[in-house]
Amino acid sequence: MAAGCIFRPHSAHRTRPHHVDAAMRELIEARQWLTVFRFPVYTPDLNPAEGVWAHLKNSLGNLAPCSLDEIAGLARSRLKRTQYQPGLLDGFIAETGIIPAPP
């Protein structure tokens, strides 16, 4: 499920230039396999990325890095590891209630 999905905030108040939105629409329309879910801005409970960040913060919680570079490297490696766990990513999506359960 997560491999072919994009979650984009939808807002009446555009924060990006018009040409960026047009380019994104063209990109989406050219890829029939891609499903885009638009969710309201300022609704973190509907945003699957919030689950990703909570998972990352939880995994870094008991570490004692010595520098910002070290914590940045740890965060990158943890996020990269999460990328290869489709069940976990589907769980972040299911947790929002947008989709009742992963397919």
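Residues numbered from 1 in each chain as written. Predicted model: local features only at pLDDT ≥ 70, side-chain atom pairs only at ≥ 80, totals over all residues. Heavy atoms only, no water.

J.: What's the story with the overall build of the protein in this structure? I'm lost.
T.: For the protein, the count of helices and strands is four helices and two strands. Along the protein, helices and strands appear, N-terminal first, in the series β-α-β-α-α-α. Counting all 103 residues of the protein, 21% fall into the buried class. Here the contacts in the protein between residues at least 6 apart in sequence split such that 62% fall between residues at least 24 apart. As displayed, the protein has an accessible area near 7400 Å², and 59% of this comes from carbon and sulfur atoms. (Helix = DSSP H or I, 4+ residues; strand = E, 2+ residues; numbered from the N terminus. Buried < 20%, exposed > 50% of the residue type's maximum accessible area, 1.4 Å probe, protein only. Contact = heavy atoms within 4.5 Å. Areas by Shrake-Rupley, 256 points an atom, 1.4 Å probe, with all protein chains shown as cover.)

J.: Sorry, what's going on with the side chain of threonine 82 here?
T.: Residue placement: threonine 82 occurs in helix H3 (residues 68–83). Apart from residues lying up to four places away in sequence, threonine 82 is in contact with His55, Leu88, Leu89 and Phe92.

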